[in-house]
Amino acid sequence: MARMKFLCDAERCIECNGCVTACKNEHEVPWGVNRRRVVTLGDGEPGEKSISVACMHCTDAPCQAVCPVDCFYTTDDGIVLHDKNLCIGCGYCFYACPFGAPQYPQQSSFGARGKMDKCTFCAGGPEDDLSDAEYERYGRNRIAEGALPLCAEMCATKALIAGDGDEVADIYRERVLQRGGRPQTWGWETAYQEG
Amino acid sequence: MKLTKKQNDQGAKAPRGLLGASVNRRSFLKSSGITGGGAALAFAGGPSMLTKAHATTAGPKAGVETKVIRSVCTHCSVGCGVMAEVQDGVWTGQEPDFKSPINLGAHCAKGASVREHGHGERRLKYPMKLVGGKWTKVSWDTAIGEIGDQMLKIREESSPDSVYWLGSAKFNNEQAYLFRKFAALWGTNNVDHQARICHSTTVAGVANTWGYGAMTNSYNDMQNSKAMFFIGSNAAEAHPVAMQHILKAKESGSKLIVCDPRFTRTAAHADQFIQMRPGTDVPLIWGMMWHIFENGWEDKEFINQRVYGMDEIRTEVAKWDPAETERVTGIPEAGVKQAAQTLAENRPGTVVWCMGGTQHTIGNNNTRSYCILQLALGNMGVSGGGTNIFRGHDNVQGATDMCVLSHSLPGYFGLSGGAWKHWSSVWDLDVDWVTARFDPEAYETIKDKPVPTMNRPGMPVSRWIDGVLEDPDNIAQKDNIRAMVLWGHAPNSQTRGPEMKKAMEKLDLLVVIDPYPTHSAVLPDRQEGMYLLPACTQFETSGSVTASNRSLQWRDKVIEPLFESLPDHTIMSKFAKKFGIHDELFKNIEVNGEEPLIEDITREFNKGMWTIGYTGQSPERIKEHMANRHTFDTTTLQAVGGPLDGEYYGLPWPCWGTADMKHPGTPNLYDTSKAVAEGGLNFRARFGVERDGVNLLAEGSYSVGAEIEDGYPEFTADILKQMGWWDELTAEEKVLAEGKNWKTDRSGGIQRVAIKHGCAPFGNAKARAVVWTFPDPVPIHREPLYTARYDLVADYPTYEDRKSHYRLPTRYGSIQATDYSGDYPLIHTSGRLVEYEGGGDESRSNPWLAELQQDMFVEINPADANDVGIQDEQQVWLEGPEGGKIKVKAMVTSRVARGVVFTPFHFGGHYQGEDLLDKYPEGAAPYVRGESDNTTMTYGYDSVTQMQESKCSLCKITAA
């Protein structure tokens, strides 16, 4: 069984925002809601690094743990989704999430997407796969179509990789070997107290 | 329902939650979204309301048949494949084009958002006419009728030269070619497009060095580079998908050096970053060459065989010792030497440049110095080497090749009598009829001979405002420009905003033809005499497009033109009918209803573009390449097996001979390691065979398989006869080839036979390091007109003023005579952001992009900010020395050096502190508007091409 993961290779990310607009495009995400964004550290300084961030689809997801109405669920592929019919838009998941993934659109008059919104790993929601209702509330379900998240598929430099964790790791490992060094993903230096 | 700006806050809160108080450019801008997004909401009910509408109308529907149509991104010159999913004529989805060997599915922010073209909420929807200061809807027929009548009257009263046809790099090749032909048949050379203000100094400088003025290799080929030297190019923002190949090279050990006044997003990935003072490219390159010569790192064999004039360069370079280089550029010896040594020790290396190098009064000197660096290192004509000049717009290479330019006919034939004869014969028109369309008078004398307007360059786009405002006694044509057609052009990409406003107000007639109203619609204060005509985008029509690497790709039509918009070639056909030149313009081109058949236009230029080998790319061949694009290698771009085995993707020009000859295209220019028939070449024999007793032809160097194993001149009918090869022509070929040369033989026979014997049709010569026909034969440094280092003017002065250059007086010394650096102490430079393109009217009207950059801003160093007492995010006035000023947000960052400020040039819709929202046609204002930085950019034009100076001016900044 697959365990879907994202990985952003900080040596490759150029902060072009292709992932951000790919997501906007694929799901018609409204202005002000950012399921994915690119974060730049040390902007304009030597050592500047960018990474693309969205819901990381945690195995033991804090959002899921704290949700008072238990609207989250994890698919067989390890994708964390939620049910907007249950969501009450309280924002507790926003407290819990280490990545700032949950988004709260302002115009509740616009129906289902007025509830909490976040990256679905392009896997839709609890409605029938590929139904108009699913598209309306969660955007397109690429996983059901046999494709991977569009943000990663369209990444300008192939910095953002998505798919089964093992395969993502293989791709990244090959790259690290080619570069002839240690992994340079964001956070490595902190984890191993380098630099 | 009351809508507020609150939704923008989400963008700012989340990253702060993640990363504490870290502020970057995005969060800085998102947190400031009040004015941008807020105004858009107040105006049209808000993007989220629109988005809801999309969700129910434009998203994919279950159970509806989906067609997949292939196109090419319309933003930059990389040429990324686009896969459009269309249901019932609606563009409902966009998939990555993994099969494209150019982008392998990848997109940047702009490419990943092109489906928004199918929404087109903020498009110009109908033809509009300004009546009493208000935009009023009119029919196409009324608009064409009224505009046409006024133009014909102006033509009668003032001459055809008083109507200016400003075209576009947004045209596909067919439209670009047709537009140049259309202007010729109208009877003027006052036709131009953005290439003038983009890479004109590259084309002139590079073509005059070794033959052709284009990118020599390809984005993909950079994977073979051992070193990559970027100067004045910020690929991570301007050509993001190119970075895929660049970073792949870097991961394979290639060294990346970035020279730029800013620490750009590209510099963030560099092994070495060189932060030079703007406008000191020549000193920096000569400073590096000083080390190369000093250490004997130059490629002596290459220079002896293939370069003319390197000794004169050596003399100039000797002046640029480490001390002088540092004095002028600000870069200490260690950095300069390190860069030189890296290039010397890592060959082949490539040099990449963009607007940072070209947009200067000495732009042609800059581009030639880069070429000379590569010649010295022997990096030309090899895979992994070359000068990889990244072009800007998606089809600026093609529109340049089709010569939507005031100084040439398609294929760089120029404007000589021979050029007109050649094209008239391709057009199947009597050259005397074409001549009679022009003003027969001569306003300029060349070598004591009066030359009529037909054979003299028209005014360049950079100077059209002077064509309107200058005293008519000072200009080399009958009268001022009285009618201006801005056909796919953003006026905010041009300098001297206040004077442009004045020019727009003085015109009798101003016509804007564009998918969007553009900054032109709102800049002038006019009551009438102005029209907006809706053109459709390239996703609403079909045709070929040339990427920066000279590969041609074909776009299929994704959707029908939205609203009442029309394809550009249909609009040309409407005007042609009105002007009575329709039969001549389309003599051999089928017209269906009002729409000319695109493929027939391709076939027509195939018949005439012999100079640069746009002759072998028939529509059928290009389409076959698109269909089989997965068979091409993603590094070499060569097809491996399959129906196109051995051909190069998109048949990069020169693709010699006729389509029947099946030339595979030329992947890397001047590469002697391949036979010409297989895409090899050598430098072009363009400048004669001898100069002052020195041989200009190559010596002992020739492409593989050449039967002439040395240099040789360009091929003519006579040379074929001398070589005894004449009888290899067929009887039909002989008829057309008699008395002709490789450029004008319409049979293609001369090219075919030359290539059969392994020879390049254009001869085999040396590149020239010294361009004796230019104002500075050896590239030298000259300080900018507005320089912060006035102390250097005595040593490095600019040119003297010129009386007539491209029909206009052009100032140099009279401006530099005044020292402005006291009152305007900061150097002002400009550039791109990844989310927007060009003047930005299209991309700022796309909500997915607009949301990411909501405010015009100026980057200023913390020290300078503190000196004038301003803080981050504060509104400031930025004022230039010619009086233009803009009110923008300060972004305090050490990305720029002390003394230098940077602004992006994509904004428009504000003017000197005022939002011009009310002046747009209803529902057609871009979501994000802002000050155009070119309101403050100043006078200054290249001495060869009239390129505008927009990379170093001066300014002062004060709190607003």
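Basis of the calculations
Residues numbered from 1 in each chain as written. Chains lettered and ligands numbered in written order. Predicted model: local features only at pLDDT ≥ 70, side-chain atom pairs only at ≥ 80, totals over all residues. Heavy atoms only, no water. Helix = DSSP H or I, 4+ residues; strand = E, 2+ residues; numbered from the N terminus. Contact = heavy atoms within 4.5 Å. Areas by Shrake-Rupley, 256 points an atom, 1.4 Å probe, with all protein chains shown as cover. Pairing = 2+ DSSP bridges. Axes fitted to C-alpha atoms, helices over the stretch in contact; angles between N-to-C directions. Buried < 20%, exposed > 50% of the residue type's maximum accessible area, 1.4 Å probe, protein only. Salt bridge = Lys/Arg side-chain N within 4 Å of Asp/Glu carboxyl O. Polar contact = N/O pair within 3.5 Å; in protein donor to acceptor, adjacent residues only side chain to side chain. Parallel < 35°, antiparallel > 145°, perpendicular 65-115°, else oblique. 1 Å grid on protein atoms, 1.4 Å probe; cavity = no way out; pocket = protein on both sides within 12 Å on 5 of 7 lines; lining within 4 Å. Points joined across faces, edges and corners; volume = space filled by probe spheres on them. Nonpolar A, V, L, I, M, F, W, Y, C, P; charged D, E, K, R; others polar. Patch = residues over 30% accessible without salt bridge, like charges linked within 9 Å, V, L, I, M, F, W, Y side chains within 5 Å. Core = buried A, V, L, I, M, F, W, Y, C linked by side-chain atoms within 4.5 Å. Phe/Tyr/Trp six-rings, centres within 6.5 Å; stacked < 30°, edge-to-face > 60°. Lys NZ or Arg CZ within 6 Å of the ring centre and 35° of its normal. pLDDT = per-residue confidence, 0-100.

1. Brief notes about the overall build of chain A
Counting its regular elements, chain A contains eight helices and six strands. Start at the N end of chain A and walk to the C end: the helices and strands fall as β-α-β-β-α-β-β-α-α-α-α-β-α-α. Put simply, 55% of the contacts in chain A that link residues at least 6 apart link residues at least 24 apart. Of the roughly 7700 Å² of accessible surface on chain A, 53% is carried by carbon and sulfur atoms.

2. Some thoughts on the sheet that holds strand 36 (residues 953-959) of chain B
All names here are of chain B. The mixed closed barrel is built from six strands, whose spatial order is 28-32-29-31-30-36. Strand-to-strand, the axes of this sheet are offset by a mean angle of 45°, without reference to chain direction. Note that strand 28 (residues 826-831) and strand 32 (residues 900-904) share five bridges and pair parallel. Paired with His 828 across the strands is Val 901, a residue of strand 32.

3. Some words on unusual backbone geometry
Cis peptide bonds are those with omega within 30 degrees of zero, and the linkage from Arg347(B) to Pro348(B) qualifies with 0°. Cis peptide bonds are those with omega within 30 degrees of zero, and the linkage from Trp653(B) to Pro654(B) qualifies with 0°. Mapped onto the elements, Pro654(B) comes out in the loop between helix 25 (619-627) and strand 23 (690-691). Positive phi values are uncommon outside glycine, yet Glu15(A) reaches one of about 55°. Classification of Glu15(A) by relative accessible area gives buried; the value is 1%. A positive phi is found at Thr518(B), a non-glycine position, where the angle reads about 70°.

4. Structural notes on the pattern of salt bridges
Side chains carrying opposite charge are able to pair once their charged atoms draw close together. Residues and elements named next belong to chain B. Applying the stated criterion to the full structure yields 71 salt bridges over all chains. A salt bridge links Arg 629 to Asp 97; its shortest N-O distance comes to 2.9 Å. A residue pair is termed long-range when its members are at least 10 positions apart, and Arg 629 in the loop between helix 25 and strand 23 and Asp 97 in the loop between strand 3 (90-96) and strand 4 (128-131) qualify at 532 residues. The class for Asp 97 is buried, based on a relative accessible area of 1%. Ionic pairing is found between Glu 157 and Lys 153, a salt bridge with its closest N-O pair at 3.6 Å.

5. Looking at the side chain of Ser254(B)
Residues and elements named next belong to chain B. Following the sequence through the fold, Ser 254 ends up in the loop between helix 9 (242-251) and strand 9 (255-259). A distance of 3.4 Å separates a polar atom in the side chain of Ser 254 from the backbone nitrogen of Ala 227. Not counting residues within four places of it along the chain, the set of residues in contact with Ser 254 comprises Ser 225, Lys 226, Ala 227, Met 228, Ala 249 and Asp 271.

6. Observations concerning the pairing of strand 36 of chain B
Residue and element names in this part refer to chain B. As defined by bridge partners, strand 28 adjoins strand 36 across three bridges and the pair is classed as antiparallel. Bridged to Leu 826 within strand 36 is Cys 955. In terms of strand pairing, strand 30 (residues 875-879) meets strand 36 through four bridges, oriented antiparallel. Each residue of the ladder has a partner; that of Glu 879, found in strand 36, is Lys 956.

7. A closer look at the packing of helix 10 (residues 281-294) of chain B against helix 12 (residues 310-317) of chain B
Residues and elements named next belong to chain B. Close contact between helix 10 and helix 12 brings their axes to 9 Å; oriented N to C, the two are set at 110°. As the angle between them shows, helix 10 and helix 12 are arranged roughly perpendicular. Across from Trp 286, Met 289, Trp 290 and Phe 293 in helix 10, the residues of helix 12 making contact are Met 310, Ile 313, Arg 314, Glu 316 and Val 317.

8. Some thoughts on the layout of surface pockets
Residue and element names in this part refer to chain B. Space inside the largest pocket adds up to approximately 1300 Å³. Forming the walls of the largest pocket are 44 residues, and the residues nearest its centre are Asn 208, His 407, Tyr 412, Gly 414 and Arg 686. For the lining of the largest pocket, the secondary structure elements donating two or more residues are helix 7 (200-210) and strand 26 (802-805). The element contributing the most residues to the lining of the largest pocket is helix 7, with five residues. Tallied by class, residues from the lining of the largest pocket come to 20 nonpolar, 16 polar and eight charged.

9. Observations concerning the sheet that holds strand 3 of chain B
Residue and element names in this part refer to chain B. As summarised here, the arrangement of the three strands in space is 1-2-3, forming an open sheet in which the pairing is antiparallel. For this open sheet the edge positions go to strand 1 (67-72) and strand 3, each flanked by a neighbour on one side alone. Taken pair by pair, the neighbouring strands of this sheet meet at an average axis angle of 35°, ignoring direction. In terms of strand pairing, strand 2 (residues 81-87) meets strand 3 through six bridges, oriented antiparallel. Following the sheet pairing, Val 82 is matched in strand 3 by Pro 96.

10. A few points about a nonpolar patch on the surface
Residues and elements named next belong to chain A. Taken together, Val 69, Leu 86 and Ile 88 make up a surface patch of nonpolar side chains, about 240 Å² in accessible area. Inspection of the secondary structure assignment puts Leu 86 in the loop between strand 5 (80-82) and helix 3 (92-96). Assessed through its relative accessible area of 41%, Leu 86 is described here as partly exposed.

11. Quick look at the nonpolar core
Grouped together as the largest cluster of nonpolar side chains are 189 residues, with contacts concentrated most on Trp165(B) and Phe390(B). The next biggest cluster of nonpolar side chains, apart from the first, holds 32 residues, and it includes Trp135(B), Leu166(B), Ile481(B) and Leu917(B).

12. Structural notes on the packing of aromatic side chains
Counted under the stated rule, the structure contains 45 aromatic pairs over all chains. In this structure an aromatic cluster arises from ring pairing among Tyr177(B), Tyr212(B), Phe413(B), Trp423(B), Trp427(B), Phe605(B), Tyr614(B), Trp653(B), Trp656(B), Trp742(B) and Phe762(B). The cationic tip of Arg36(A) hangs over the ring face of Phe6(A); the distance from NZ or CZ to the ring centre is 4.4 Å. Here the guanidinium or amino end of Arg155(B) rests over the ring plane of Trp186(B), the centre of that ring lying 5.1 Å away.

13. Observations regarding empty space enclosed by the protein
The method is simple in principle: a probe with the dimensions of a water molecule rolls over the atoms, and the space it marks as empty is what remains. Residues and elements named next belong to chain B. Counted according to the given criterion, the structure contains 15 cavities of 30 Å³ or more. Lining the largest cavity are 43 residues, with Lys 170, Gln 194, His 393, Gly 488 and Gly 838 sitting closest to its centre. Of the residues assigned to the lining of the largest cavity, the class counts are 13 nonpolar, 21 polar and nine charged. Gly 232, Asp 260, Gly 356, Ser 830 and Lys 951 are the residues nearest the centre of the second largest cavity, which is lined by 28 residues in total. Partitioned by chemical class, the residues of the lining of the second largest cavity number nine nonpolar, 12 polar and seven charged.

14. Observations concerning the packing of helix 6 (residues 173-186) of chain B against helix 18 (residues 417-427) of chain B
Residue and element names in this part refer to chain B. Here helix 6 crosses helix 18 at 110°, and the two axes come no closer than 13 Å. In terms of orientation, helix 6 lies roughly perpendicular with respect to helix 18. Taking contact as the criterion, the partners of Tyr 177, Lys 181, Ala 184 and Leu 185 in helix 6 are, on helix 18, Trp 420, Trp 423, Val 426 and Trp 427. Looking at the contact of helix 6 with helix 18 residue by residue, the classes come out as seven nonpolar, no polar and one charged.

15. Considerations on the confidence of the model for chain B
Residue and element names in this part refer to chain B. Of the residues in chain B, 94% reach a pLDDT of 70 or more, and the chain-wide mean stands at 94. Overall, residues 1-57 carries pLDDT values under 50, and its contacts beyond four positions in sequence, including any with other chains, amount to 136 contacts. The complex prediction reports pTM at 0.94, with the ipTM value standing at 0.94.

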